[in-house]
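Topology and contacts: notes
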Amino acid sequence: MNRHFQDAQLKALLASQWGNYGLPPSQSCFGIHGAIVTHYFKGGWYPVGGAKAIAQAIIPVIEQGGGVVITQRRVTEILLESGVAVGVKAQNTAHAKADMETYFAPIVVSDAGAFNTYVKLIPPNYPLAERQKIQAFPKGNSMVTVYLGLKESPQQLGFQGENHWIYTTYNHDAIVQDPPISADNLPKFCYLSFPSLKDPLAEGHTAEIIAYVNYDLFSQWREQSWRRRGADYTELKAQITQSLIQLVERHYPGFQDLIEYAELSTPLTVEHFDASDRGAIFGIPCIPERLDQSWIGARTPIKNLYLTGVDTLSLGIMGAMMGGVKTAGVLNGAFGFFKSMRLVYYICKIILCDL
Ligand SMILES: Cc1cc2nc3c(=O)[nH]c(=O)nc-3n(C[C@H](O)[C@H](O)[C@H](O)COP(=O)(O)OP(=O)(O)OC[C@H]3O[C@@H](n4cnc5c(N)ncnc54)[C@H](O)[C@@H]3O)c2cc1C
């Protein structure tokens, strides 16, 4: 950017979609930034029915292939025999007193992320050089999200389902370097979107505000369980919620009056539900060094153990999907990726013919 542009405000504008991958311009890979910005040139995509529609669409495919989908299980260990992955040990999270379960499999594919897989799930007595490297690698940024239920359609304020990036500064780096959001330190940035305006099946109106926050602001409640983190935590959440609503209100007067219900998720929420390290919603940060790491990829040093999802390639929903294609390609033998893509090509052709 510095090579091609001189105007600081123009550079800030061109880099302003960095929130999509969670890293300000001084830290991010320009290639990843370019790929994400370019994929928005023709608009964005939203799953009809919301995010759960992705799981609902894929489960029948797994079952038709003879698979079984089992939920409410936390894998506690990847089982190894003579250094080869043979299955997993899992805890039933719906019944804390239930016995540990063991599942054996010829191939184990982990979507729990490189950090969880290498550091938490492969038994610690199995020597792995990657473990220390992953622990020493820079951490991803954490965020808070305000989920809003609205009384009326936000269309009356002119919104049509587009994403908004609201900044109060042209200095993108200051947004993540500055002290955390608090009542005395109002946020300098937020992302605003309206899921219900994108989803033809939505029954009510909703909005979502996302902002950066320092994980350490919440670390004192880390060991306490979900919904039992006490009055101070609830008070801090209420302050942050108000400051983010105020930031949006300053730019779009009347927004506040539409709100019926507000709920804030913190990095501890993401850590609880998603098991991501420090609740970083994009996981391992996409700094240029990430692309050089041997542990970013579908293959692992352990025979029959593979990674999938964002830590095999790039990040976000598209990154995770292509991570799945990449792992399937590796498992599909020689030229596996091209075999998968050929299949995708024929399926698309059939769908387009049907249309
Ligand atoms: C609030 C929010 C908004 C986002 N918005 C967008 C967006 O608009 N566009 C976009 O592209 N991306 C968005 N993202 C990021 C996107 O959701 C992720 O990049 C993507 O889901 C990563 O996919 P994945 O399959 O690699 O991992 P995940 O979707 O994180 O799936 C990993 C799964 O593994 C489970 N798991 C972890 N450890 C264990 C264990 N030990 N046992 C059993 N299960 C385990 C987790 O619970 C989780 O379900 C958003 C994320 C958040 C949190």
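Analysis parameters
- Residues numbered from 1 in each chain as written.
- Predicted model: local features only at pLDDT ≥ 70, side-chain atom pairs only at ≥ 80, totals over all residues.
- Heavy atoms only, no water.
- Helix = DSSP H or I, 4+ residues; strand = E, 2+ residues; numbered from the N terminus.
- Rg over C-alpha atoms; globule rule 2.2 N^0.38 Å.
- Buried < 20%, exposed > 50% of the residue type's maximum accessible area, 1.4 Å probe, protein only.
- Contact = heavy atoms within 4.5 Å.
- Near = heavy atom within 4 Å.
- Polar contact = N/O pair within 3.5 Å; in protein donor to acceptor, adjacent residues only side chain to side chain.
- Nonpolar A, V, L, I, M, F, W, Y, C, P; charged D, E, K, R; others polar.
- Domains from an automatic or database assignment.
- Patch = residues over 30% accessible without salt bridge, like charges linked within 9 Å, V, L, I, M, F, W, Y side chains within 5 Å.
- Areas by Shrake-Rupley, 256 points an atom, 1.4 Å probe, with all protein chains shown as cover.
- Salt bridge = Lys/Arg side-chain N within 4 Å of Asp/Glu carboxyl O.
- Pairing = 2+ DSSP bridges.
- Axes fitted to C-alpha atoms, helices over the stretch in contact; angles between N-to-C directions.
- Lys, Arg positive; Asp, Glu negative; His and termini not counted.
- Parallel < 35°, antiparallel > 145°, perpendicular 65-115°, else oblique.
- Left-handed = near helix turned anticlockwise from the far one by under 90°.

This part takes up the overall build of the protein chain. On a plain count of helices and strands, the protein chain comes out with 11 helices and 10 strands. In terms of overall dimensions, the protein chain is globule-like: its C-alpha atoms have a radius of gyration of 22 Å, near the 20 Å expected for 355 residues. Seen along its three principal axes, the alpha-carbon backbone of the protein chain occupies a region of about 60 × 55 × 50 Å. Across the 355 residues in the protein chain, those meeting the buried criterion constitute 40%. Within the protein chain, residue pairs in contact and separated by at least 24 positions form 61% of the contacts whose partners lie at least 6 positions apart.

Moving on to the site of the ligand. Among the 18 residues in the neighbourhood of the ligand, the closest are listed as Val75, Asp111, Asp274, Val310 and Ile317. Taking phenylalanine 273, its main chain carries an N or O atom lying 3.2 Å from an oxygen atom of the ligand. Contacts to the ligand include isoleucine 317, whose backbone N or O atom sits 2.8 Å from an oxygen atom. Those elements that provide at least two residues to the shell around the ligand are strand E1 (73–81), strand E5 (142–150), helix H9 (267–274) and helix H10 (316–331). For the shell around the ligand, the class distribution of residues is 11 nonpolar, three polar and four charged. Of the domains in this structure, domain 1 (52–137 + 294–354) and domain 2 (141–279) are the two that each give at least three residues to the shell around the ligand.

Structurally, the position occupied by alanine 90 is in strand E2 (residues 84–92). Spatially, the C-alpha atom of alanine 90 lies 22 Å from that of alanine 298, the residues being 208 residues apart in sequence. Beyond its immediate chain neighbours, meaning those up to four positions away, alanine 90 contacts Arg73, Arg74, Val75, Thr76, Met100, Glu101 and Tyr103.

It is worth spelling out a nonpolar patch on the surface at this point. Residues Met1, Leu10, Leu13, Leu14 and Phe30 make up a contiguous nonpolar surface patch of roughly 460 Å² in combined accessible area. Ranked by the residues each element gives to the nonpolar patch, the list is headed by helix H1 (residues 8–14), at three residues. The topology assignment puts leucine 13 in helix H1.

Our next topic: the domain arrangement of the protein chain. One can read the domain layout of the protein chain as domain 1 (52–137 + 294–354) and domain 2 (141–279). On a C-alpha basis, the centres of domain 1 and domain 2 stand 30 Å from each other.

A few words now on the sheet that holds strand E7 (residues 189–193). Strand order across the open sheet formed by five strands is E6-E7-E8-E5-E9, with antiparallel pairing between neighbours. One side of each edge strand has no neighbouring strand; the edge strands of this open sheet are strand E6 (164–167) and strand E9 (259–265). On average, adjacent strands in this sheet sit at an angle of 20 degrees to one another, irrespective of strand direction. Examined bridge by bridge, E5 and strand E8 (residues 205–213) share nine bridges and lie antiparallel to one another. Its bridge partner lying in E8, glycine 149 is registered against threonine 206.

Below, the discussion takes up unusual backbone geometry. Notably, arginine 278 is not glycine yet its phi reads approximately 55 degrees, a positive angle. In this fold, arginine 278 is placed in the loop between H9 and strand E10 (305–307). Accessibility expressed as a relative area gives 25% for arginine 278, which makes it partly exposed. Backbone geometry at asparagine 304 places phi at a positive 70 degrees, although glycine is not the residue there. Inspection of the secondary structure assignment puts asparagine 304 in the loop between H9 and E10.

Turning next to the side chain of glutamate 130. On the secondary structure map, glutamate 130 appears in helix H5 (residues 129–136). Buried charge glutamate 130 goes without a salt bridge, the closest partner of opposite sign being lysine 133 at 5.7 Å. Contacts of glutamate 130, omitting those with residues within four sequence positions, involve Tyr118, Ser294, Trp295 and Pro301.

Okay, helix H4 (residues 114–121) next. Of all eight residues in H4, six are buried, a share of seventy percent or more. Within H4, the full set of buried residues consists of Ala114, Phe115, Asn116, Thr117, Tyr118 and Leu121. Where the residues of H4 are buried, they touch E1, strand E4 (108–110), H5 and E10.

Before going further, it helps to examine the packing of H4 against H5. Between H4 and H5, the least distance of the axes is 9 Å, while the angle of their chain directions is 125 degrees. What the angle tells us is that H4 and H5 run oblique. Relative to H5, H4 is oriented so that their crossing is left-handed. Here Ala114, Phe115, Tyr118 and Val119 of H4 lie close against H5, whose contacting residues are Glu130, Arg131, Ile134 and Gln135. Here the residues of the contact of H4 with H5 are counted per class, giving five nonpolar, one polar and two charged.

On to the sheet that holds E2. Pairing within the open sheet is antiparallel, and its three strands lie in the order E1-E2-E3. Taken across any chain shown, the strands that pair with only one partner, and hence form the sheet edges, are E1 and strand E3 (101–104). In this sheet, neighbouring strand axes are inclined to one another by 30 degrees on average, regardless of whether the strands run parallel or antiparallel. Inspection of the sheet shows E1 paired to E2 by eight bridges, in the antiparallel sense. In the strand pairing of E2, arginine 74 is matched with glutamine 91.

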